[in-house]
Amino acid sequence: MIDLAFRLPPFNVRVRSDFSSVADHVADLYPALQRLDSASFVDFDIRILRGKGHRRWLGQQARFLLDAQEPFLPLPGSQAPALLEWGLNWSIAARPLGYLVLHAAVLARGTDAVVMPGFPGAGKSTLCASLAFLGGWRLLSDELAILDPGTLALHPNPRPISVKNESIDIVGRFPGAAVGPVYHDTRKGRLSHLAPPRESALAAEETARCRWIVFPSFQRDDEHGWHEEISRAEAFALISEQSFNKERMGEQGFHALCGMLDGARCFQIGYGSTAAGLELIDRLCR
Amino acid sequence: MPLIATAAGSCGLLLDVLAQPSHATSLTPPQWTALLAAARAANLLGTLAARLTDAGIDLPPAPARHLWGALHLSLRQADSVRWETHCIARALAPLGTPVVLLKGAAYVLTAQPPARGRLFGDIDILVPRDAVGRAELRLMVHGWTTGKSDPYDQRYYREWMHEIPPLMHVRRGTMLDVHHTILPLTSRHRPDPAKLIARAVDTQVPGIKALSPLDLVLHSITHLVHEGELHNGLRDLVDIDALLRAQCGSADDWRVLAERAAELDLEESVGLGLHLAARHLSTPVPSEWIERLLRNRRSRRMLDWAYDRALAPAVESEEARWAGLARSLIYIRAHWLRMPPLLLARHLGRKAWMGWRARTAPATP
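The written sequence of each chain sets the order in which its residues are numbered from 1. Key to labels: chains lettered from A, ligands numbered from 1, both in the order written. Side-chain atom pairs in this predicted model are given and counted only at pLDDT of 80 or more, local residue features only at pLDDT of at least 70, and totals for whole chains, interfaces and linings cover all residues. Each side-chain value is derived from all of the structure's non-hydrogen atoms; neither hydrogens nor water enter the calculation.

Peer 1: How should the sheet that holds strand β6 (residues 75-76) of chain A be read in this particular structure?
Peer 2: Note: strands within a sheet are paired through backbone hydrogen bonds, in either parallel or antiparallel orientation. All names here are of chain A. Here, a strand pair is defined by DSSP locating no fewer than two bridges between the strands. Labels follow the DSSP assignment, with helices taken as runs of H or I lasting at least four residues and strands as runs of E lasting at least two, numbered in each case from the N terminus. Here we have six strands laid out as an open sheet, ordered β3-β1-β2-β4-β5-β6, and mixed in their pairing. Each edge of the open sheet is held by one strand with a lone partner, namely β3 (34-35) and β6. Sheet strands touched by helix α1 (residues 20-29): β1 (2-8), β2 (11-17) and β4 (44-50). Its angle to β1, the strand with the most contacts, is close to 30°. Should any heavy atoms of two residues lie within 4.5 Å, those residues are considered in contact. In this analysis an axis means a line fitted to C-alpha atoms, helices contributing only their contacting stretch, and an angle means the value between N-to-C directions, from 0 to 180 degrees. The strands that helix α2 (residues 80-94) touches are β1, β2, β4, β5 (61-66) and β6; relative to β5, the one it contacts most, it runs at about 25°.

Here it is in structure tokens:
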């Protein structure tokens, strides 16, 4: 059982669940969790509940609710914590809050951020974890770039990094890495979560500015790696595909994305190993 | 105000702030949470945002994000509705037949008060019944397709309903409902669509008309009191309230409204709608008009009981006691008005059977 309101910058979240796995997930994988008292405003009121009626007994199910809305079909009860993470991503992307939300990992040195849009299979999460745990970068998010159109600030939303299949073993060997339970047979295969570094979680209210946009692509056989600087116009076209709500935000979304790209250098990179990816980013983003 | 205080208290809070935006200045953070949740559940978040903004209320930053987000979305959707209307005009202009916007799209294109902050699901148009086939063909050529391929669904819409199956645009994904009248063909009441089309007004888009302001209110009311599932019941009532306040200032305006209701065979429905607006939103309807229009007093207590419970959106699972029964009553009444008994029995039986099949079918991942 859990009924917990906490600060998850830039939002306040309340999570209620009758799954103890959800309580453990939040306790173990959200370092520096800042609880909120009952007098706080709540942006997302989330419940992870057990299935209804006979479903309670015939194979346990987990349901995701945002307020009274149930946007997805239930998942097997064993995946309740993963459902919380997917549901939070959906909530942040779907609810119009004036932020432009992109599917991208964001890391920063000081206030200089690199944004890595995520095409499936590009190895974004593993590269993101290696930058955060090995490269000394501060993690803002491994999934969601949250951009304020007014200030062009990127807001951190440090949450557990979701890692899949063979990446689970790779990131598990990083120094200081805390990996949660492994969920088998999810929609995305074998999946686990890696807690964000504690320093990143503590700095979660410190926004950053986009200085670099990197489109990564993991290529197993490519030992040396390569990079190519691309124009901002090309980057705009590529990153637009990774936006959840640019269309819905109309002109404001267009201008926000242009603003983010102004002054940023944009690269496509290919790399065959974590070390090579890390080295490339360190060389290009300085 | 008897309403909905019976349900989750947040619905009463929503109506209070909609009516008196200045009351928002004294809300605590948890009250803001509850207010926004109720507004979102009732599909009234944009409307709430518009009323607070227009009243110049100083908003705390966190709730303000939700409100501005909804208001921007509504402005964006209004742009999209204008664009769709142009596309519809392009598709249907060669027919040379009247095309009349209903509901939300009509509010936007004729700048009626409910337009501000409103969020949209689809666009509704009314065309003469003898032009429906040609209109459908033209729309298909321009990219609108139907998703209802089940022969029963097709027959349900075409023979018994007031509209053809909903159309979706293949590229833009927008929804379009094409009506040929405003109530089902099988309905007890028969408003003559020709009378609505005759009074339709021009819009900003050449070739596209909208229901006259008076007919917009009457249609909104008819829709609400004939609707079996009150997903947007409170939102519709808020629309009705805003339209009535804008149009009916003098005693004479109410008389004109009542006469038009009689002309369209909608007196009983309009009487109930005015009663609901006055009861729940304190719309200043002179009680004599409610009494004159809503003659059936026996059923009124039962209807009050049901609407009191069913209008509030289900914000929390611990919603008002009896809300389920109240919703069923309204559902059955709506279908009773909609179809003769034998047809109704057949249709509900079919729906139950299809619902059972859908529930027992293997879940798609």
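After that view of the structure, there is still more to cover.
Peer 1: Explanation requested: the side chain of A:Ser125 in the structure shown.
Peer 2: All names here are of chain A. Structurally, Ser125 is set in helix α3 (residues 124-133). Definition of a polar contact: a pair of N or O atoms within 3.5 Å, with one able to donate and the other able to accept a hydrogen when the atoms are protein atoms, and with sequence-neighbouring residues admitted only if both atoms are side-chain atoms. A distance of 3.3 Å separates the side chain of Ser125 from the backbone oxygen of Ser162, its partner in a polar contact. Not counting the four nearest positions on each side in its chain, Ser125 is found in contact with Asp142, Ile161 and Ser162.

Peer 1: Looking at this model, I keep getting lost on the packing of helix α6 (residues 232-240) of chain A against helix α7 (residues 246-261) of chain A. Mind explaining?
Peer 2: The packing of two helices is summarised by the inter-axis angle and the distance between the axes. Residue and element names in this part refer to chain A. Here α6 crosses α7 at 145°, and the two axes come no closer than 11 Å. Crossing handedness for the pair α6 and α7: right-handed. Across from Arg232, Ala235, Phe236, Ile239 and Ser240 in α6, the residues of α7 making contact are Lys246, Phe254, Leu257, Cys258, Met260 and Leu261. The sense of a crossing depends on the near helix, which, turned anticlockwise from the far helix by less than a right angle, makes the crossing left-handed and, turned clockwise, makes it right-handed.

Peer 1: Got a minute to help me understand the nonpolar core in this structure?
Peer 2: The tendency in soluble globular proteins is for nonpolar side chains to be buried as a group. As used in this record, nonpolar core signifies buried Ala, Val, Leu, Ile, Met, Phe, Trp, Tyr and Cys residues forming a set joined through side-chain atoms within 4.5 Å. Here the term buried applies to any residue with accessible area under 20% of the maximum for its type, exposed to any over 50%, and partly exposed to those in between, with areas from a 1.4 Å probe on protein chains only. Judged by nonpolar contacts, the single largest core of 107 residues is most densely connected at B:Leu14, B:Trp32, B:Leu48, B:Ile125 and B:Leu274. Ranked by the residues each element gives to this core, the list is headed by helix α4 (residues 61-92) of chain B, at 11 residues. The contacts of B:Leu14, once residues within four sequence positions are left out, are B:Leu35, B:Ala38, B:Ala39, B:Ala42, B:Leu44, B:Leu48 and B:Leu234. Within the second largest apolar cluster, 34 residues are counted, among which are A:Leu83, A:Leu88, A:Val101 and A:Leu191.

Peer 1: Please explain the pairing of strand β15 (residues 209-218) of chain A as it appears in this structure.
Peer 2: Taken residue by residue, a regular strand's side chains alternate between the two faces of the sheet. All names here are of chain A. Pairing between strand β8 (residues 112-117) and β15: four bridges, direction parallel. Opposite Val114, over in β15, you have Trp212 as the bridge partner. With seven bridges connecting them, β15 and strand β17 (residues 265-271) associate as parallel partners. In the sheet register, Pro216 faces β17, and the bridge partner there is Ile269.

Peer 1: How do you make sense of the interface of chain A and chain B when you look at a structure like this?
Peer 2: Interfaces are often described in size by the accessible area the parts lose on coming together. With 23 residues of chain A in contact, the opposing surface of chain B contributes 21 residues. In short, buried area is how much 1.4 Å probe accessible area vanishes from two parts on joining, totalled over both. With both chains or domains summed, chain A and chain B bury close to 1800 Å², and 52% of this area falls on carbon and sulfur atoms. When the buried surface of chain A facing chain B is broken down by residue, A:Phe41, A:Pro96 and A:Leu97 rank first, second and third, together holding 31% of it. The working definition used for a salt bridge is a side-chain nitrogen of Lys or Arg within 4 Å of a carboxyl oxygen of Asp or Glu. Connecting chain A to chain B are two salt bridges. At the boundary of chain A and chain B, one finds six residue pairs in polar contact (both at pLDDT 80 or more). In terms of residues, the side of chain A that touches chain B owes the most to one element, α7(A), which gives five residues.

Read these as geometric descriptors, not functional statements.
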